[in-house]
Amino acid sequence: MSGPESLCMALEAILFSSNRPLQVRELQRATDSDRAAVERGLDELREALAGRAVMLQRHQDLVNLATRPELASYVRRALRPEVTGRLSPAAYETLAIVAYQQPVTRSRIEEIRGVNSDGVISNLELRDLVAEVGRGDSPGQPRLYGTTMRFLQVMGLESLEQLPAPPGPEADGAQGATNLAEQ
Amino acid sequence: MSGPESLCMALEAILFSSNRPLQVRELQRATDSDRAAVERGLDELREALAGRAVMLQRHQDLVNLATRPELASYVRRALRPEVTGRLSPAAYETLAIVAYQQPVTRSRIEEIRGVNSDGVISNLELRDLVAEVGRGDSPGQPRLYGTTMRFLQVMGLESLEQLPAPPGPEADGAQGATNLAEQ
Amino acid sequence: MTDATATPPPTVAPLDPRPRIDVRTPVFEGPMELLLALCEREELDLFEVSLSSVTDAYLAELAGMEHRDPMQMAEFLWLASRLLLLKSIRLLPGEEPEPEEAELLGWEEDVRRRLQEYRQYKEVAEALMARRDEDQECYPAPAREIAVEGQEEALQMDALVIAFQSLLQRLPPRPLVYVGRSWTMEEKLHVLEDRLNRGRFDLAEVILDSEDRLEAVVTFVAFLELLRRNRVIVHQPTRYGEIWVEERAA
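Anyway, here's the lowdown on the structure attached to this text. (Residues numbered from 1 in each chain as written. Chains lettered and ligands numbered in written order. Predicted model: local features only at pLDDT ≥ 70, side-chain atom pairs only at ≥ 80, totals over all residues. Heavy atoms only, no water.)

A closer look at the pattern of salt bridges
Argument step 1. Across all of its chains, the model carries 39 salt bridges over all chains by this definition.
Argument step 2. Notably, a salt bridge pairs Glu132(B) with Arg135(B), separated by 3.3 Å at the nearest N-O pair.
Argument step 3. We classify Glu132(B) as partly exposed; its relative accessible area is 34%.
Argument step 4. Where Arg150(B) meets Glu137(C), a salt bridge forms, and the shortest distance between an N and an O atom there is 3.4 Å. With Arg150(B) in helix 8 (residues 149–155) and Glu137(C) in the loop between helix 4 (99–133) and helix 5 (157–168), this pair bridges two chains.
Argument step 5. A relative accessible area of 17% places Arg150(B) in the buried class.
Argument step 6. Members of the salt-bridge network, linked through shared partners, are Glu12(A), Arg52(A), Glu12(B) and Arg52(B). (Salt bridge = Lys/Arg side-chain N within 4 Å of Asp/Glu carboxyl O. Buried < 20%, exposed > 50% of the residue type's maximum accessible area, 1.4 Å probe, protein only. Helix = DSSP H or I, 4+ residues; strand = E, 2+ residues; numbered from the N terminus.)

Structure representation (structure tokens):
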């Protein structure tokens, strides 16, 4: 870390890219800095964000960036259709693949669907219907996706075992069902 | 929307909260503003973000916020984002042609490369680096390809304008290539 | 293309009539690429070079190539035949070129122009590749929870009770032989306060943690107590969605 100014920048970049609050210790590790330096960097960032749409939130040892509450109505207007609108056929397709093949990588989903699925997957994440459940062993440690508690609620299921038998007579599908039942 | 300053803030809040690029039209709708006002707000936001860890990315009518390229290593260390698989030399070659000739047909790509490029193009489409952007006027209405926002993200560019001067018979290709590598 | 995503879906593969020979291991994907590499290896200026001077090198490379897709091989061979023709014309100088030969000389001009264009894109491709290796990716905003705190309509108490009743139906009634422990409200208050210290929680999730309906009722009453004491705020971002309980800022 070359200087306090760039530490502040690094912290902002990390917090911007994270979808969950981060511990001060995680920020120290990522920036090779001690606690005092990170705390100073966070103070600096808080000042830099004054008058901006985004603010630094702190809860005990956890920090995250969030939009200012008075701007929430714009955010809701812009993004509500995504979270509350009907699911697209592509979203149902993807959801079905995740439900039956979980844990499943993005590239496996794309292999089955034959098209890029970034957008659909992140929309399903946004709706809290699928979530990252771990990392694969293969090179690049790809994210593994699975369905969420909310998926069960929305589908009116008590557990994944209540899903109807998986599609396809081939061994692959049967395999998936077994894995699912064992979980 | 009460004033130009708060429009800029609203735009920042919306873009911060969206996990996909948004169209100018969507921003207009969410802020009850006309196109010119939103464009001014975006210009203002771009200036306000100078010196900060996050920048405004623009690809045609799409905008999103993303971390600055020089901060990539911190984000990677902190959050271990999924690694995009390596691209083959053939893929880079095709990407270079699409980037400079867009919108471009498959047959023009193949004319330059001298080989069938079906496989490479569909691989780039799957990775969301290249997308169909329309149909040509010539007989058979061939698909036209262009680069995507994801291309800008992977290459660490704010917009296509940051690409070096296009190669061509009049310009010195080697010159442009050097600039790009040095950035 | 060495990546896994390039593999076509398994259902499609058998329909492809072409033999699946891996054409990626040889260095040269097409004749243009080979020709360009040869010109560069022989240090020939693309603006000056006569293509007939690379013919021998081209044929040697071709002879050394492994078996590959016949379609692709045909492209290499076609160029080889043109190069040979060109060379034979050049070896017999002095005569006025016949129309067919003139056409071939025009072709050479065309190939040189295309080689130049191709080289420029290849250089851009290398620059893009170098840039990619520099670890300069821009990371976009992730899928984050949309901050709507304080914006939604006040939660109605009856809506809360209805939500609780529907949760109750998903819990078993008290079993005939009771082996679980019984909870006091004071104990449940501590449990909820503990949860609050770790951050906000979903009311439904906490209630569904109950062993039986009695425990669920105690949990719910404890939650109402926290609400009454103004210790928590409650919000429900979407109708019928999760009910989030969060510590009220001091």
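Quick notes on the sheet that holds strand 5 (residues 130–135) of chain A
Residue and element names in this part refer to chain A.
Argument step 1. Taken together, 3 strands build an open sheet; the order of strands is 4-6-5 and the sheet is antiparallel. This sheet does not close on itself; its edge strands, each paired only once, are strand 4 (104–105) and strand 5.
Argument step 2. Pairing between strand 4 and strand 6 (residues 143–147): 2 bridges, direction antiparallel. Considered in strand 6, the bridge of valine 104 is made with tyrosine 145.
Argument step 3. Relative to the sheet, helix 7 (residues 118–126) contacts strand 5 and strand 6, its axis offset from that of strand 5 by approximately 105°. (Pairing = 2+ DSSP bridges. Contact = heavy atoms within 4.5 Å. Axes fitted to C-alpha atoms, helices over the stretch in contact; angles between N-to-C directions.)

Comments concerning the packing of aromatic side chains
The geometry of an aromatic ring pair is captured by two quantities: the separation of the ring centres and the angle between the planes.
All names here are of chain C.
Argument step 1. Inspection of the entire model under this criterion finds 2 aromatic pairs over all chains.
Argument step 2. The interplanar angle of 35° and the centroid separation of 6.0 Å between the aromatic rings of phenylalanine 220 and phenylalanine 223 together place this pair among those described as tilted. Of this pair, phenylalanine 220 and phenylalanine 223 both sit in helix 8 (residues 213–228), 3 residues apart, which is roughly one turn of that helix.
Argument step 3. For phenylalanine 220, a relative accessible area of 6% puts it in the buried group.
Argument step 4. Its guanidinium or amino end placed over the ring of tryptophan 244, arginine 200 lies 3.7 Å from that ring's centre, counting from NZ or CZ. (Phe/Tyr/Trp six-rings, centres within 6.5 Å; stacked < 30°, edge-to-face > 60°. Lys NZ or Arg CZ within 6 Å of the ring centre and 35° of its normal.)

Structural notes on the interface of chain A and chain B
Argument step 1. Contact with chain A, which involves 44 residues of that partner, is made by 41 residues of chain B.
Argument step 2. Looking at the side of chain A facing chain B, the largest losses of area belong to Phe16(A), Arg52(A) and Tyr74(A), adding up to 19% of the total buried there.
Argument step 3. The tally of links from chain A across to chain B stands at 4 salt bridges.
Argument step 4. Glu12(A) is the salt-bridge partner of Arg52(B), the closest N and O atoms lying 2.6 Å from each other.
Argument step 5. Linking chain A with chain B are 12 residue pairs in polar contact (both at pLDDT 80 or more).
Argument step 6. Secondary-structure elements contributing two or more residues to the side of chain A that touches chain B are helix 1 (4–17), helix 2 (24–31), strand 3 (62–67), helix 4 (72–84), helix 6 (106–113), helix 7 and strand 6 of chain A.
Argument step 7. The biggest single contributor to the side of chain A that touches chain B is helix 1 of chain A, with 7 residues.
Argument step 8. Class assignment of the residues belonging to the side of chain A that touches chain B gives a composition of 22 nonpolar, 11 polar and 11 charged. (Buried area = accessible area lost by both parts, 1.4 Å probe. Polar contact = N/O pair within 3.5 Å; in protein donor to acceptor, adjacent residues only side chain to side chain. Nonpolar A, V, L, I, M, F, W, Y, C, P; charged D, E, K, R; others polar.)

What about the sheet that holds strand 2 (residues 54–59) of chain A?
Residue and element names in this part refer to chain A.
Argument step 1. Spatially, the 3 strands line up as an open sheet ordered 1-3-2, and their pairing is antiparallel. The open sheet terminates on both sides in strands that have one partner only, identified here as strand 1 (22–23) and strand 2.
Argument step 2. By the bridge criterion, 2 bridges tie strand 1 to strand 3 in an arrangement that is antiparallel. Each bridged residue has a counterpart across the sheet, and for leucine 22 the counterpart in strand 3 is valine 63.

Focus on the nonpolar core
Argument step 1. Within the largest apolar cluster, 59 residues are counted, with the highest numbers of intra-cluster contacts made by Leu15(A), Leu27(A), Leu15(B), Leu27(B) and Leu42(B).
Argument step 2. The contact partners of Leu15(A), leaving out residues within four places of it in the chain, are Leu22(A), Leu27(A), Leu42(A), Leu45(A), Leu56(A), Val63(A), Asn64(A), Leu65(A) and Arg144(C).
Argument step 3. Core analysis: the second largest hydrophobic core is formed by 55 residues, Tyr100(B), Leu124(B), Ala57(C) and Met65(C) among them. (Core = buried A, V, L, I, M, F, W, Y, C linked by side-chain atoms within 4.5 Å.)

Notes on helix 8 of chain C
Residues and elements named next belong to chain C.
Argument step 1. With 16 residues, helix 8 should reach 22 Å at 1.5 Å per residue; the first-to-last C-alpha distance of 22 Å fits that figure.
Argument step 2. Looking at helix 8, one finds that the buried residues are Glu215, Ala216, Val218, Thr219, Phe220, Ala222, Phe223, Glu225 and Leu226.
Argument step 3. The positive-phi residue at the C-terminal boundary of helix 8 is asparagine 230, with phi of around 65°. (Expected span 1.5 Å × (residues − 1).)

Regarding unusual backbone geometry
Argument step 1. Here the amide bond leading from Gln102(A) into Pro103(A) is cis, since omega sits at -5°, within 30 degrees of zero.
Argument step 2. When you line up the elements, Pro103(A) lands in the loop between helix 5 (89–101) and strand 4.
Argument step 3. The backbone of Gln60(A) shows a phi angle near 50°, a positive value even though the residue is not glycine.
Argument step 4. With respect to the helices, strands and loops of the structure, Gln60(A) is situated in the loop between strand 2 and strand 3.
Argument step 5. In this structure, Asp32(B) takes a positive phi of about 55° despite not being glycine.
Argument step 6. In this structure, Asp32(B) sits in the loop between helix 2 (24–31) and helix 3 (35–48).

Concerning the environment of Gln23(B)
Residue and element names in this part refer to chain B.
Argument step 1. Looking at where glutamine 23 falls in the secondary structure, it is placed in strand 1 (residues 22–23).
Argument step 2. Look at glutamine 23 and you get partly exposed, because its relative accessible area is 29%.
Argument step 3. Once the C-alpha coordinates of glutamine 23 and leucine 62 are considered, the two residues, 39 residues apart in sequence, prove to be 4.5 Å apart.
Argument step 4. If we ignore the near neighbours within four places in the chain, the residues touching glutamine 23 are Asp61 and Leu62.

Observations regarding the interface of chain C and chain B
Argument step 1. If you look at the interface, chain C gives 36 residues, while chain B gives 60 residues.
Argument step 2. Between chain C and chain B lies a buried interface of about 4400 Å² when both sides are counted; carbon and sulfur atoms form 55% of it.
Argument step 3. When the area that chain C buries against chain B is broken down by residue, the three leading residues are Tyr121(C), Arg131(C) and Tyr139(C), summing to 18%.
Argument step 4. Applying the counting criterion to the chain C and chain B interface returns 5 salt bridges.
Argument step 5. Between Arg86(B) and Asp133(C) there is a salt bridge; the shortest N-O distance is 3.7 Å.
Argument step 6. Across the chain C-chain B interface, the total number found is 11 residue pairs in polar contact (both at pLDDT 80 or more).
Argument step 7. Secondary structure elements with two or more residues in the side of chain C that touches chain B: helix 1 (31–41) and helix 4 of chain C.
Argument step 8. The leading source of residues in the side of chain C that touches chain B is helix 4 of chain C, at 15 residues.
Argument step 9. Taken together, the residues of the side of chain C that touches chain B sort by class into 17 nonpolar, 4 polar and 15 charged.

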